[in-house]
Amino acid sequence: MADPIKRKSSLSGTIRDGATEEYQFKIGEILKKEGQITSRQHDDAVAHVKKNGGFVGSFLLKNGDIDENTIPNVLSRKYNYAIINIAERDIEQKVINLLPFEIAKKYFAFPVKLKDGSLQIAMTEPTNNHAVDEIKATVRVPVQALVAKEADIVESYRKYYKISDEEYRAFVGVLAGEEEDQMSVAEIDDFGSLVSEAADDYIISDDGDDDQVQDQFSASDAPIIKLVNGILVKAVNDGVSDVHIEPFEKAFYVRYRVDGALYKSMNLPLEIKNALIARFKILANLDITEKRVPQDGRIKMKLGRKREVDFRVSSLPTLFGESVVLRILDKSGLNVDMTKLGFAQEDLAKFMRSIYRPNGLVLVTGPTGSGKTVTLYSSLNIRNTEDVKILTAEDPVEFNFKGINQVNVVKEAGMTFAKALKAFLRQDPDICMIGEIRDMETGEIAVEAAMTGHLVLSTLHTNDCPSTVTRLVDMGVQPFNVAASVVLCSAQRLMRRICPHCKQPVTKMSANKLLEAGFDKSEFASLKLYEGKGCAKCSGTGYKGRVGCFEIMEMTPNIADAITSQVPESQLRKIAIKDGMKTLRQDGLLKARQGQTTLDQVLEKTVLQKESLPAYLLNPDEMVFENGDTIIKEGNSDNNFFKLIQGCLEVIKGSEKIAEISQPDSYFGEMSALLGGKRTATIRSVGKSIVKVFPGDKLMETLEGYPEISKQVITTLVRRLEETNQRLIQVTNQKADLERMIKSTASQAPRRVAPLTRPSGDGPMSSPGQPAINPGPTPLKKPGDDTQTIRVAPMPDGTSEAAQAGGGGAS
């Protein structure tokens, strides 16, 4: 007997038996009473289910009458059914084994968890009491019915019950007939024959003046119509993002942009130039008689019964005719899954945290074509639920989303971004999306909206996250308002992804190129990079698809303080990197290591920032010292250098205090790191001090590679030398004053003559040449006499304890 899970079956055939009871249609009655569907929609759904089998809710969903969240939300709100997201659960196999697949698919149910002896069952229509009773009888344990989205249950069937692709297609309703009907416009295999057919009978005038020739084929002729349709269909099938129709002096090209790179697809004859361009302008509702000014329009093409593709059209007069560029807006190819855009895990967590905030300004930045629109739409798609009011102002609206109120900006009619945003604030929105902040008025209103309880998403044309802040301030937005309103900035680029079919390791890598890219020497031995060899799948380019490169700057207290203080952009970048921001180059190198893109793409799309400091400068050790704690001890041979963050330090030589360090951001201890040898002084904390410690063996590297740090170190040294010089001048002046005082005293004193001495008793006085008897006190020394010294009391500041009369200097 064949495995029932693998056996071919259809959804309608498995649920037709016993499905005509009234309980089967209870969900339809609930939706009708709640105003989610009309009576006619309800009756059509019931008639279809009675005739063909199936579920009312499933029919309404596939018919477009409701969306996938309608039933879960209604049942949760009105009947207190718990909503479950099966994709977030890890289901145990023993739970799967409790409910056979035949019963599960009969009632669109899926077992989730066995809890307290009761089996939790996810269903699309838990109001079907008969289905709940039969499931209970099958599993022989109490059953708790939960409500889940139909798509989640079908995906769970594929993941856990391992259903076949054929049965999976039966569930999701993709029938063979629908697949064949995807293209209602005929595809063209032989463009050369078609072009020849359009140009065969075209006569070129003798003078070669193409502008004076009357076209024999107009834009409405069949060959031209078929050629234009073929160009558009080929572009959609090949995954092209832009189509360029370009006339030159002696050539007429059709170029396609695929994965960000242009390539020439067709070389058309000049004879059909006017007719072909006119056909594009007719489709876009443009004025075909106006060839002197640019025009913008839109083409809508229906491919199959459900698929529609829009083309945004721009015409531009050039020297040799009008150039037409079409941007393809294919919603079916729009990736609105945030996890597939290329975010690193930690960056994705930051971004998700920001878009779930109740208020704030989220800015997505980058040049044209960097994927900003996709990132914004993906963010809105995540928040697009029935309990969230979303308003967008776009120029123009590129993709239409159900449940999102989208507004076209029309400058000519006075509908600007600023005016739209003002109106939005009176519409009670939860989330506002502004296509672009272009001026001060729009910026100020966006900031105001973010600070008054709204989540605002917008874009800016800047190169990276720190420059986004600079751009807002330059527009006129106050720095403190930027710091208070912006919750996250995201800068992004799109890089070409390596083709998975011809991916191979790079065998030769230049060491200089790796260093210039930003790799460290230490990882050269284990570094593995990849490239695409080129194959039929990627048309020989080695690339297939694109991957995003992101720089995420989340607003932290340090960054907010820096913005408020209006620090330079380079300093803001350093602070952001310290607080966890990876630059575009760093994220690009990560993706190169992971084999997602090539090093050439990283070098082409990103720039190495000098502010990407090494770890020992980004996160130095920060130490706290209490009063009297020793930081540096005289005579030690360590060579670390330090930076004072807060507090006061005293410098001691021997047992005498010779200086103080109290200026924040002052470096000290660098002389031992530069010159080697032992410490020449002791440095102690006066009160509580906070000091950062840097490795001394990295000082020379720091001075050579980081000019700003070198400047700070040199500034500290110069200040210290200046203080020493001032003290030296002070001591020198004190010595000079002392010498002048001595000279003055010596010149004013009377000349003293040695008295005659008498012998003991009454004897005669001794002659001058004889030894004096009882000579008395020692006379003062004359200036210039080096035989005696004068002792001088210490100066009040203790800088000079003794001075030699001959001018020896302070000790």
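Residues numbered from 1 in each chain as written. Predicted model: local features only at pLDDT ≥ 70, side-chain atom pairs only at ≥ 80, totals over all residues. Heavy atoms only, no water.

Undergrad: Hey, could you run me through the sheet that holds strand β13 (residues 431–434) in this one?
TA: Adjacent strands of a sheet form backbone hydrogen bonds with each other and so pair up, either parallel or antiparallel. Within the open sheet, the seven strands sit side by side as β12-β11-β13-β14-β10-β15-β18. Their pairing is mixed. Looking at which strands have only one partner, the edges of the open sheet turn out to be β12 (405–408) and β18 (543–554). Strand-to-strand twist across the sheet, computed as the mean angle between neighbouring axes with direction ignored, equals 20°. Pairing of β13 with strand β14 (residues 455–460) involves four bridges; the strand directions are parallel. Paired with methionine 433 across the strands is leucine 457, a residue of β14. (Pairing = 2+ DSSP bridges. Helix = DSSP H or I, 4+ residues; strand = E, 2+ residues; numbered from the N terminus. Axes fitted to C-alpha atoms, helices over the stretch in contact; angles between N-to-C directions.)

Undergrad: For this particular structure, what's the right way to read the environment of serine 458?
TA: Mapped onto the elements of the fold, serine 458 is located in strand β14. Assessed through its relative accessible area of 1%, serine 458 is described here as buried. Along the chain, serine 458 and cysteine 489 lie 31 residues apart, while their C-alpha atoms are 10.0 Å from each other. What serine 458 contacts, discounting residues up to four positions off in sequence, is Val362, Leu363, Val364, Leu376, Ile434, Gly435, Glu436 and Ile437. Only 2.9 Å separates the side chain of serine 458 from the backbone oxygen of isoleucine 434, close enough to count as a polar contact. (Buried < 20%, exposed > 50% of the residue type's maximum accessible area, 1.4 Å probe, protein only. Contact = heavy atoms within 4.5 Å. Polar contact = N/O pair within 3.5 Å; in protein donor to acceptor, adjacent residues only side chain to side chain.)

Undergrad: What is the right way to look at the packing of aromatic side chains in this model?
TA: The full count for this structure, using the stated rule, is 17 aromatic pairs. When the ring of phenylalanine 101 is compared with that of tyrosine 157, the centres are 5.3 Å apart and the planes differ by 90°; the resulting orientation is edge-to-face. Taken together, the residues span a long stretch of sequence, with phenylalanine 101 in helix α7 (residues 101–106) and tyrosine 157 in helix α9 (residues 150–161) at a distance of 56 residues. Taking relative accessible area as the criterion, phenylalanine 101 reaches 4% and is therefore assigned buried. The class of tyrosine 157 is buried, set by a relative accessible area of 0%. Among the aromatic residues, those joined into a cluster by ring pairs are Phe55, Phe101, Phe108, Phe110, Tyr157, Tyr160 and Tyr161. (Phe/Tyr/Trp six-rings, centres within 6.5 Å; stacked < 30°, edge-to-face > 60°.)

Undergrad: Looking at this structure, I do not really get helix α23 (residues 569–578). What am I missing?
TA: Since the α-helix advances by 3.6 residues per turn, residues separated by three or four positions end up pointing in the same direction. Along α23, the residues classified as buried are Leu572, Arg573, Lys574, Ile575, Ala576 and Ile577. Just downstream of α23, glycine 580 is the residue with a positive phi angle, here 110°.

Undergrad: Just checking my understanding: could you explain the sheet that holds strand β1 (residues 109–115) for this structure?
TA: With mixed pairing, three strands are arranged side by side in an open sheet as β1-β2-β3. This sheet does not close on itself; its edge strands, each paired only once, are β1 and β3 (143–147). The mean angle between the axes of side-by-side strands here comes to 25°, regardless of whether they run parallel or antiparallel. As paired elements, strand β2 (residues 118–123) and β3 share five bridges and run parallel to each other. Counted as the bridge partner of alanine 122 is leucine 146 from β3. In the packing of α9 onto the sheet, contacts are made with β1 and β2, and the angle to β1 comes to roughly 70°.

Undergrad: Just checking my understanding: could you explain the confidence of the model for the protein for this structure?
TA: Caution is warranted with low-pLDDT regions, since their predicted coordinates should not be read in detail. Across the protein, the average pLDDT comes to 79, with 80% of residues at 70 or higher. Averaged pLDDT values for the elements of the protein fall to 37 in helix α1 (residues 11–15) and rise to 95 in strand β10 (residues 360–365). Across residues 203–217, confidence stays below pLDDT 50; counting only partners more than four residues off in sequence or on other chains, it has 21 contacts. Ignoring residues within four places in sequence, the model shows residues 756–811, a span with pLDDT below 50, making 52 contacts including any to other chains. (pLDDT = per-residue confidence, 0-100.)

Undergrad: Sorry, what's going on with the pairing of strand β9 (residues 321–329) here?
TA: A regular strand places its side chains on the two faces of the sheet in alternate fashion. Of the pairings in the sheet, the one linking strand β4 (residues 242–247) to β9 comprises four bridges and is antiparallel in character. Across the sheet, residue aspartate 242 finds its bridge partner in β9, namely arginine 327. For strand β8 (residues 307–318) and β9, the ladder comprises nine bridges, and the chain directions are antiparallel. The partner of serine 315 across the bridge, within β9, is valine 324. The loop that links β8 with its antiparallel partner β9 comprises two residues.

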